[in-house]
Amino acid sequence: MRPQSPLTGSTSTQGKPKDTTASEKVEYKAKDSTVVDKTSEIVYLYGEARVIYQGFELDADYIEFNTKTNLVYARGRTNAKGKYVGRPILKMEGQGTSMADSLRYNLKTGAGTIHGVFSEQEGGFFSGGKAKKQPDDEIHSKGQIYSTCNLPHPHFGIYITKGIVTKNQIITGPVYLEIEDVPLPLGLPFAFFPKPNKKSSGFILPSPGEDFTRGFFLRDGGYYLGLNDFWDAKVLGTIFTRGSYEGSLLSNYIKRYKYTGTINFRYANSRYGSEGSSDFSAQKDFNIIWNHSQNANANPGTNFSASVDAGTSSYNRNTAGGNSYDPNQTAKNTLRSSIAYGKIFGNGITFGSDVSGYQDTQNKSVGITLPNISLAVPTFNPFDSKERLGEQKWYQKITVGYSLQASNSITTTESELFKKESLRKFKNGLNHQIPINMAFNVLTFFNFNTGVSYTERWHFQTIERTYLRVVNSSDQIITDTIPGFKRNNEYNVSMGTSTKIYSTAQFTKFGNFKALRHVMTPSVNFSYRPDFSNVQRGYYKEAKYIDGTSVIGSDGRPLTYSIFEGSLYGGPGAGQNASISFGLDNTVEAKVLTPKDTTGKGERKIPIIQGLSINGSYNFLAKSYKLSTLSFNGRSQFSDKLGVNYFGTLDPYQTEDVTANNKTTRQLVDKYTWEAGQLPRLTSFGFSFNYSLNPEALKRRNMNENELRQNASKLGAVTKEQADALAMVSRDPNAFVDFKIPWNFAFDYAFQYTTNREGLNGSVTNTLNFNGDANITPKWKVQFSSGWDFKASTFSYTSLSIYRDLHCWDMSVSWVPFGAYQSYSVDIKVKASVLQDLKLSKRKAYYTRF
């Protein structure tokens, strides 16, 4: 063999010339020097040495390569400070990178011995000991530690006395747990670990624990089915020592760039008390959750989604919120479900259809809409032309639209839902709307609009009432549902105008405060709707007694009723209306100089009032109280940390006290307050604001939550830890621990005062909630959330959490010190989900039925 360059070299294995290819060449190099011994045919590589052969790559501080036997030896070196550096780094085709103290490897046979290995496998790390690779690719190991800690000397690990690693599995002899080099009396005589290259099925070991009500348990043991790369399933079960048991079927599915979803069906048989005694009770419950989402780019213009949460009303109460022990989940009063399909056609027409339902777990009522259909045609100009040149003529500005709503729904109880007679209780109908509008400018500064709105409703049931006279009591009403198609229609005409008024005040003697700008947007609209309650139209009927005589109302005229009363879309209201609605919107902002601006001309706008609007209406045809109440609302953002919302109602009518039968009452009078020299009366007022001492904390928390959700959606099949984390963040965003947020304190307050229109029965409600967190040290974090119940003069639901980052472990302490949900929990667990069952938990839950 010819001597090579001191820096790089190459050689080839011996064989027939026709078998020699570029892939059989051994490439080597070294940064320091390369020495070739012709006698022994050994190449010595010093300093950042490297050997490459086919899929085999080896880097080390020192490498010996025997070109005759194809044997490679590599090791590191001890530097001047006594530290071992330059360890061999080995990479084989189809495998990850491994690090070792030293190794011997035969390039030809693939056999070798590795001392002090450190390699990553499926989220875990093997370190220490001795490993021997056989020609059949089996690896025999001895004295190695498996851990999820990524340090070369891990904080904890499972010590493997000896084992065999094959392509698909790891079989070991005795193993035991070791923490900080201290062996613990927790071990197994042998172990078997699957090492699949793809999804595979296998058993899931249950987690032990204790429930104060149901006793000790083995939770979520079962079987995992790796059906294929796009679909999996888990069948889990839980048993309790006091007789209760639960089961669940969880399935995840995903089709990349198309859709993803999760189905979770849970069943529980809860048994409380001693069987045969008076306090014994048994309850069977179920719950199904289905979430499906479609990728926005999968089928542009078409979307299908599902969000189903349905089951028995007592499921969360009897299972402690699905074993989450979350107070909000346990006290959940409403379950909602929806399956929706939508499509946008090329001409802008949108079609939507959904099936939805809700359950009230308190009164066990159920509402189902099966289905709800909508169709909308975007507004268009029927008299305009695509070939038009120049401005539109007045009639070309006319726009027409169309929308359709169709629905079929029922509201009943859980026990009555699936009975045959419930089919007759469905309410159904169609609602058509056609708006015709025209908008243009008047005198340049005024925006004028006018239009006609036509509404037509189709129903398949109407009502008929019959009155019965009752002696010494009010009349009894009998209402019958009459099947058959009936339609009603109504229309109204409207016109209105709006403009903007700008005013600016300049200041020269107020320092950096330079200007104040006020923008007012007044608007006035007139609308007219005829009276559609005439009996001759057929929408209303005269109320009759059973003998055919008319029922007389309090005004002395025959009483009428709408045959569409209680129907899905109703019918036209009684009476005609000719009213003016008016409103005034205000925004105020200040302009200040910013001295820190290098140009000297920097300005900053500060919003003082971002929107203060006042609205009301006046009905010319009303017999009394023609002017409505005046409502106002607004928002002021004083800084990035503080914003205030406020709202209220003003009543323009006077009140007076009336005494009858030695009893004084207050009543409304059809006289305006300003007639008596008074302002309108304030009958309701409220405001709310939130404040954060560190607004960046909220931004980072939202980023963390979005990142967690995105990562989970990419994986398709989320792990239990990811699902728990998502659920926790959804319930309490403050629960997400992020040491990059050094501290935060935020609170929100809401106040509302209301009375009736007479100014009586005033009530005040106010709520205060606050939360925060702080890094006590770079590894310790404290979080809290609470509030003040002003009515009860005590703190509302309060929780305190302490989190400790232990590198590969973490410790969390959660405490609810008082209240109905008083509890605590202490958890010390491994961070990685690979060893999710390696944890120590101590908890006392609030959940108890006794």
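Residues numbered from 1 in each chain as written. Predicted model: local features only at pLDDT ≥ 70, side-chain atom pairs only at ≥ 80, totals over all residues. Heavy atoms only, no water.

Considerations on the nonpolar core
Part 1 of the reasoning: In this structure, L45, L58, I63 and L107 are the most contacted members of the largest nonpolar core, which totals 24 residues.
Part 2 of the reasoning: When contributions to this core are tallied by element, the ones reaching two or more residues are β2 (25–29), β4 (42–53), β5 (56–66), β6 (71–75), β11 (102–106) and β12 (112–121).
Part 3 of the reasoning: If we ignore the near neighbours within four places in the chain, the residues touching L58 are A49, R50, V51, I63, V72, A74, P88, I89, L90 and L103.
Part 4 of the reasoning: In this structure, F532, Y540, A543 and Y561 belong to the second largest nonpolar core, which totals eleven residues. (Core = buried A, V, L, I, M, F, W, Y, C linked by side-chain atoms within 4.5 Å. Buried < 20%, exposed > 50% of the residue type's maximum accessible area, 1.4 Å probe, protein only. Helix = DSSP H or I, 4+ residues; strand = E, 2+ residues; numbered from the N terminus. Contact = heavy atoms within 4.5 Å.)

Details of unusual backbone geometry
Part 1 of the reasoning: The peptide bond linking L370 to P371 adopts the cis configuration, its omega dihedral lying at -10 degrees.
Part 2 of the reasoning: Although it is not a glycine, N70 sits at a positive phi angle of roughly 60 degrees.
Part 3 of the reasoning: You can see N70 is positioned in the loop between β5 and β6.

With respect to the pairing of strand β29 (residues 350–360)
Part 1 of the reasoning: Of the pairings in the sheet, the one linking strand β28 (residues 334–344) to β29 comprises eleven bridges and is antiparallel in character. The partner of K343 across the bridge, within β29, is F351.
Part 2 of the reasoning: Here β28 hands over to β29 after five residues, with G348 in that stretch at a positive phi of 90 degrees.
Part 3 of the reasoning: If you look at the hairpin formed by β29 and strand β30 (residues 365–380), you'll find four residues sitting between the two strands, and K364 has a positive phi there, around 60 degrees. (Pairing = 2+ DSSP bridges.)

Describing the pattern of salt bridges
Any two side chains of opposite charge can pair if their charged atoms end up close together.
Part 1 of the reasoning: Here the structure, examined in full by the defined rule, presents 18 salt bridges.
Part 2 of the reasoning: In this structure, E48 and K31 form a salt bridge, with 3.8 Å as the shortest nitrogen-oxygen distance. Placement of the pair is E48 in strand β4 and K31 in the loop between β2 and β3 (33–37), with a sequence separation of 17 residues.
Part 3 of the reasoning: Among the residues examined, K31 registers a relative accessible area of 58% and is labelled exposed.
Part 4 of the reasoning: Three or more residues joined by partner-sharing salt bridges are found here, namely R50, E57 and D59. (Salt bridge = Lys/Arg side-chain N within 4 Å of Asp/Glu carboxyl O.)

Brief notes about the packing of aromatic side chains
Part 1 of the reasoning: One pass over the structure, following the stated rule, counts 31 aromatic pairs.
Part 2 of the reasoning: Aromatic pair Y46 and Y62: ring centres 5.3 Å apart, planes at 50 degrees, arrangement tilted. One end of the pair, Y46, is in strand β4; the other, Y62, is in strand β5, and 16 residues separate them in sequence.
Part 3 of the reasoning: Through a chain of ring-to-ring contacts, the aromatic side chains of F685, F687, F689, Y691, F745, F747, Y749, F751, F784 and F790 assemble into a single cluster.
Part 4 of the reasoning: Directly above the ring of F345 sits K343, whose terminal nitrogen or CZ lies 5.6 Å from the centroid.
Part 5 of the reasoning: Taking NZ or CZ as reference, R469 lies 3.7 Å from the ring centre of Y545, over its face. (Phe/Tyr/Trp six-rings, centres within 6.5 Å; stacked < 30°, edge-to-face > 60°. Lys NZ or Arg CZ within 6 Å of the ring centre and 35° of its normal.)

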